[in-house]
Structures are given as C-alpha cells and as structure tokens.
Number of protein chains: 2
Amino acid sequence: MSGAVHVLGVGIAPFGKFPDAALTALARPALVAAMADAGIGPGDVDAVACGTARTGMLQRRESGVGQLVAWDVGIRRVPVYNVKAYCASGAAALSLAQMAIASGRHDVVLVVGLEQLSARAGRGRPITSDGMEIEGDIGFSPPAYFGMVANRHQELYGTTREQMAAVAVKNRAAGARNPIAQYADRLSVDQVLGAPRVAEPLGLFDCCPTGDGAAAAVLGSDAALARLGGRRAVRLAACVHVAGGYDNHDLTTFPSDVQAVGAAYEEAGVGPAEIDVAEVHDAFTIAEIVHYEDLGLCAKGEGGAFAESPRAASVNPSGGLLSRGHPLGATGVAQAVELVTQLRGEAGPRQVEGAKVGLAHVAGGFMEGDVASSAISVFVR
Amino acid sequence: MSGAVHVLGVGIAPFGKFPDAALTALARPALVAAMADAGIGPGDVDAVACGTARTGMLQRRESGVGQLVAWDVGIRRVPVYNVKAYCASGAAALSLAQMAIASGRHDVVLVVGLEQLSARAGRGRPITSDGMEIEGDIGFSPPAYFGMVANRHQELYGTTREQMAAVAVKNRAAGARNPIAQYADRLSVDQVLGAPRVAEPLGLFDCCPTGDGAAAAVLGSDAALARLGGRRAVRLAACVHVAGGYDNHDLTTFPSDVQAVGAAYEEAGVGPAEIDVAEVHDAFTIAEIVHYEDLGLCAKGEGGAFAESPRAASVNPSGGLLSRGHPLGATGVAQAVELVTQLRGEAGPRQVEGAKVGLAHVAGGFMEGDVASSAISVFVR
C-alpha cells in the first residue's frame, strides 16, 4: 500500500431496538459525532463508504443507503460506495476507504456502518445469512451451528460451559461500562448457565442480540492529517478482507480468519503478542473462544482457559456483540470506534491501560463455505 | 492515482429474459470468457468487485452475490466486494477495482456486473429506484420523469419526436449487429412514432427494456500487465463516480453527469473532441439526447440535431440500453466490454473505425436528488 491511512475521528450512537426510527435518524448522531471528533464539516468529506448487510431486504433500500444518510448530514456531490458483506459489511467499508485513500483518489473518506434489524419489514422473518432460508426453516440457524462448534470444542479440548459463560459474564460487565451498549446490566455465571437453552449447549446469554445502530469513522491520508491536524489520530496499519471458497472440515476453526489475520499481522508488522486490545466477533460465547485461537492470542484448544484468564479482559472492552449488540453492518465500524477510543486513552472506566496496538475482527456469512467473509484491521497509536 | 490500471480481458453473455436461471448460471459465461480473454485462470484473481442493484430485493441475495458467482468459477479465498449504486452499480464496481489496484493492494481484480430483473421474486412488483414505492404507486416512474424531460427539451430547444425516434432507430440497428443484444430486430422511425404511448411524448420504443444479464472484466496493474502479457490491453484512463445532493431545477440536464465527466476528462487528459466512441445511458431516447449535451459531445440544446447526425453512430455501437438491454448492475460493465472490444478493433460489423479513446457513462437513482449517481470511465488504447 502506498501512503499511510489514519483515523481522524470516530462517532457512535447508542445501540438498541429502534424499530420506528428512520435510517437517517439512526445514522445521524454517529456521522455528526465522527465529523465533530475529526474537526471537519460535511464539505471536507471527499467520499463516503457505507456498510450495510440487510437494508434492501428489510427497508427496501438496497442501493442508496450511503447517499441517504450522507445527504441527511449535509454531504453533497461525492462518490458514495455502498458495500455488502454480511456481518463483515462495516469492515468491508473500512477496507474500501483504506484503498480509496491509499490509491490517491481520495483524501478524506467518511465510513459508516448501519443496520436496523428490528424494523417492521423484517418482523416475523428469521434473520440469517442470504440464501439460507431453507436451512433456517429446518432450524439450522447460526445458534444451531455454533452449538455444534461448542459441542466439538468441548469434545476435542475439554472446554467447559463455565468457560463459555465466562465470556458472557466478562462482556456484559464490559458493556455495563459502555454507555452506548444495548445491555447495561451484568450477569453472573449462574445466570448464564441457568438461562433457557437455545441450541445445546448454548443458552440465551451465550448468543448476541439483534438490534439497531450506527457507527462512523473519518479516515484520512497523510496530507489530510497534516492539513486538518490530527493530535489524536490513530493509524490504520492493516485492513484485510477475504471471502469465500473454504473447505472447512474442522468445526473449531475458521480458515478465513486464519488467512486474514496472518495477512494483517504481516501488513501491520506486528504479531499476536503485540496486540494490547482486541474487538472480536463474539456472536456467541464459543465463537469468542474459537477466535482467541484463530487469531493467535492463545494456542489451539486453550481458548477456554484464556476466557477465564486476566488477559481476556483486553478482548471486547466495548462489551462486544454480546453486550454492545450486533446491528450487522454497524459492527465492523463500531469495533474501529472502540479501538480508536482505547488507543487514544479515552475509554474512561473501560480503558485498557497503555494500549498502543488494537486488532478488530469480524466474520460474516457463517458456515457457507462459498461466501464466508473475514476482515481484520490493525490500529496503531 | 498512483500507477496505471489496465483492462486485461472482457467477457459478456447474451442479455435477455432468463427468469428461471440461477444467478451463477447467468454470471458464469461472462466470468469464464473474461478470464479466458485475459489469459488467466481463477487462481490468478486477487480480488473480486461485484456490482448489483437489486439482488437482495429480487433474489434475497443482498450481501453475497460476488462470492457466489466467483466461487462457481473456481475463485477461492480472495476479498470480494459487493457494491450497490442503482443503475451505476457495475460502474461503481469498476471504480472500486481501479482503486484497489492503484492502492497497491491488489494486482488482478475481476469485475462483474450482474442482474436478473425477470426473476420470479420480482414478478408483479414495479421496478423503480429504492425508496420510490410511493412515487411509483402514483405513476411517477422513470418513464414519467423522462416524459417530462422530453416535454421540456422540446419546449426549450425545439427538439422533435423524429429526433428522439432517430436514437431508437440507430440503437436498434446497432443492436442488430451485436450478437449479445436483447433485441435483434431493427425499427423504422414510423414504428417508433406509431408505438403505444408510455408517457407522453415517449412511446414503447423510446424506453429501454428490463432484462437479465452479466458482464465481466479483468483489471490489472502495470505489474500484472507485464507478467501476464497484454498485447490487447486497454488502459482505464479515468473512472469517476459521484453521487448525491443535487438541487436540480433544470429538467434538461443532470448535474452529477456534468460534474463526473468534467473530472473524468481532467483525469484522462482528454476532452470531448477526442472521444472516438461512447457508451451512454440511453434508458430513454430523450436521455441519450440530454447526455450528448451533458457530456460535451455537442452544445446545449443541440442534442436533437446530433441524434440525426452521422457522429451519433459512434454513440452506443453496442445497441445501448435500448437494444442490448439494461440488467441494472450489468450495464456499467457491459459498456466497458463494448469499449474495450471497439478500442481493440475487434467489434466486427459494428466497429467504429480507428477508435482510440472511448467513454462510458451511466446514471443511477433517477430524479432523487439525494441519491442520484453518475459514473464516467475513459478507456484509451
């Protein structure tokens, strides 16, 4: 990549369920906050990258969401790229913005991730990956898949239900310190273990909620950083997105994650030992445990023990998907917001002390080998 | 932009109505042909950019179309970017691919544009821009808007129905020489003028059809060109995409087109006088006339006369949307296929002699000032 790419500002609004909100109303606070944080106005934005996964099917806005929300905050006559990659949509928008800047075409790109899963149009319909309707109808939804992952991880590595519960307890505690999290209440191990079963062995609190939300980030080139000032800028040192075509015969690993994180470590010039803080795709408690391993934060099979170790506190300080929530397209950008806030030392009661290097991970298009997407970003202060 | 971007190969399959075809079956011939034309295999592709506008709403494949069609032809474990920009979706994918290469991230990017408007899921539903359901229900669909454009152009500039009909006659004659065109039959001026009225003064043959189709192109860096050989490569000298926020008080011009083409001429270092061949967004006959003017191919108000002049034969030699057809996401890439074929001198009976510089133009998100998209590409042999 030619030239560095910096995060000049970030913004996010409370996640939750806002079925009657317009998409513009959901996005506006995040966009306004990100521009204010970067010290720029709408006229400074050269291009917009917008990640959403489901707005066509849920809100009948398939092509034009980015234009709509950008126009709403006063951005005019710039390229708007709407990108879609399942749960990795927000991260794909971040990747596109990085390329747009590194190519020399654009100087300041506003990235927005957005989703409204509670919207009326979707009520009564299962929310699963595209093209998975048949599987969903027979019950093979994401919780069922991750239930299988959990069973297999238990069988191979002796991972316990208490270790899975530790992830939920940790992330709900973190979310309780994050004012924009969908859930503000903590949970005990007993509450997690005693919750209604969703897909054996996973219970209700092992599964992330659906919800609505938006997050935004302003990315800029070296020239933009110099021009706009960037005392608090954080460098986007790597941004890798891969998809598709995995023949996965092992339920306890995600090959696209392994490929993407390897490339990202190489691009950023860091290894897993240097990661001070991470946001990972904890759609399920067992998923976070598998991700520890695939990302190299611990050895294969040791994810359960890692979940109960002190180092796990540096993973998902935002509360993650389990607590902050998971409005699909918003998640990848929300992770960037959290990491930039952490690396600036501005995370208040949830600050990971002294964090200099942060890693974000999202995975999308679950279990469909042909379409699974993984995205890894590395941020360096 | 740092470094040149080249079109190493192109492919397209017949456009038409194939309501029972799978998306993979629609895309496959175009992808296979583009890779064969470039002399590469699936393993040579570093990334995929896929433009579609409606697959979420029509086929319930919103996020994963690019992965699906890439996987089908053997492409594995690369980034796949699905981009959406109404009728400009294919051109937005081309723009993304250009940035991906110019950024240094990718060497060989496969671009695909795809749409299946005749699919069962969409039967009985009007096909108009996102968020336009209310306007569509009261009859304010694209033909109605372009009917107003035609009325105003007639009033201001004395443009005649015969001049509009000349566009349809010309493009249907061109399509009759293009084996992949949706329509293979010619029309006379009398047939166009005598056709059933759709929206006064426009008749049936003033309006492009809906349909299905796919087109593909392989883009590469200087290094890829050197490595793969590129005797027939064509340079993508400019690719500009803009969207949104136009306050348009003049029905006879599209400000986003004027902005985009100005930027594209500057980027490519050419002016309208150097354009030997053009593919423009002739969704309606009057649209092509307005585009002549906005693109600088003739002076304001002279588009009607231009339509009847010999120079008009160098616009839409493929048959354009009116004859080749308009599967939304496919159109922008189909234009690239035609121009590359023309600049190589391989267009057979529809060859524009000696063409060295080609321009492609698409416009999307009609009349919605907040979301309208324009994309201009310039190709140089």
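Here is what the cut-offs are and how they apply
Residues numbered from 1 in each chain as written. Chains lettered and ligands numbered in written order. Predicted model: local features only at pLDDT ≥ 70, side-chain atom pairs only at ≥ 80, totals over all residues. Heavy atoms only, no water. Helix = DSSP H or I, 4+ residues; strand = E, 2+ residues; numbered from the N terminus. Buried < 20%, exposed > 50% of the residue type's maximum accessible area, 1.4 Å probe, protein only. Polar contact = N/O pair within 3.5 Å; in protein donor to acceptor, adjacent residues only side chain to side chain. pLDDT = per-residue confidence, 0-100. Lys, Arg positive; Asp, Glu negative; His and termini not counted. Salt bridge = Lys/Arg side-chain N within 4 Å of Asp/Glu carboxyl O. Phe/Tyr/Trp six-rings, centres within 6.5 Å; stacked < 30°, edge-to-face > 60°. Pairing = 2+ DSSP bridges.

### Topic: the side chain of A:Thr341
All names here are of chain A. As for its position among the elements, Thr-341 is in helix H14 (residues 328–343). Judged by relative accessible area, Thr-341 falls into the buried class, the value being 14%. At 2.6 Å, the side chain of Thr-341 and the backbone oxygen of Val-337 are in polar contact.

### Here's the deal with the confidence of the model for chain A
Per-residue confidence for chain A gives a mean pLDDT of 92; residues scoring 70 or more make up 92%. Both scores are given for the predicted complex: the pTM is 0.95, the ipTM 0.93.

### Focus: the side chain of B:Glu115
All names here are of chain B. Locating Glu-115 in the fold gives a position in strand E4 (residues 108–116). Buried charged residue Glu-115 carries no salt bridge. Nearest counter-charge: Arg-54, at 6.2 Å. Among the polar contacts made by the side chain of Glu-115, one reaches the main-chain amide nitrogen of Ala-53 at a distance of 2.8 Å. Here the side chain of Glu-115 touches Gly-329 through a polar contact of 2.8 Å, landing on its backbone nitrogen.

### Structural notes on the packing of aromatic side chains
Residues and elements named next belong to chain A. Tallied over the entire structure, the rule returns eight aromatic pairs over all chains. Judged by centre distance (5.9 Å) and plane angle (25°), the ring pair of Phe-146 and Phe-254 falls under stacked. A residue pair is termed long-range when its members are at least 10 positions apart, and Phe-146 in helix H6 (residues 142–157) and Phe-254 in the loop between strand E8 (234–243) and helix H10 (255–268) qualify at 108 residues. Phe-254 carries the same exposure label as Phe-146, and that label is buried.

### Brief notes about the pattern of salt bridges
Residues and elements named next belong to chain B. As enumerated under the stated definition, the model contains 32 salt bridges over all chains in all. Between Asp-107 and Arg-227 there is a salt bridge whose closest N-O contact spans 3.4 Å. In this pair, Asp-107 sits in the loop between helix H4 (89–102) and E4 while Arg-227 sits in helix H9 (residues 222–228), placing the two residues 120 residues apart along the sequence. Classification of Asp-107 as partly exposed rests on a relative accessible area of 26%.

### Structural notes on the environment of B:Gly325
As for its placement among the helices and strands, B:Gly325 is situated in the loop between helix H13 (320–323) and helix H14 (328–343). Distance from B:Gly325 to B:Thr210, taken between C-alpha atoms, is 6.7 Å for residues 115 residues apart in sequence.

### Comments concerning the pairing of E4(B)
Residue and element names in this part refer to chain B. Most of E4 sits out of view: nine of its nine residues are buried. On E4, burial covers both faces: Val-108, Leu-110, Val-112, Leu-114 and Gln-116 on one face and Val-109, Val-111, Gly-113 and Glu-115 on the other are all buried. For E4 and strand E7 (residues 212–221), the ladder comprises nine bridges, and the chain directions are antiparallel. Opposite Val-109, over in E7, you have Leu-219 as the bridge partner.

### Side note on unusual backbone geometry
Residue A:Pro201 is bonded to the preceding A:Glu200 through a cis peptide linkage, with omega at 5°. If you trace the backbone, A:Pro201 turns up in the loop between strand E5 (197–199) and strand E6 (202–203). With phi around 60°, B:Asn316 is a residue other than glycine that occupies positive phi space. For B:Asn316, the location among the structural elements is in the loop between helix H12 (303–307) and H13.

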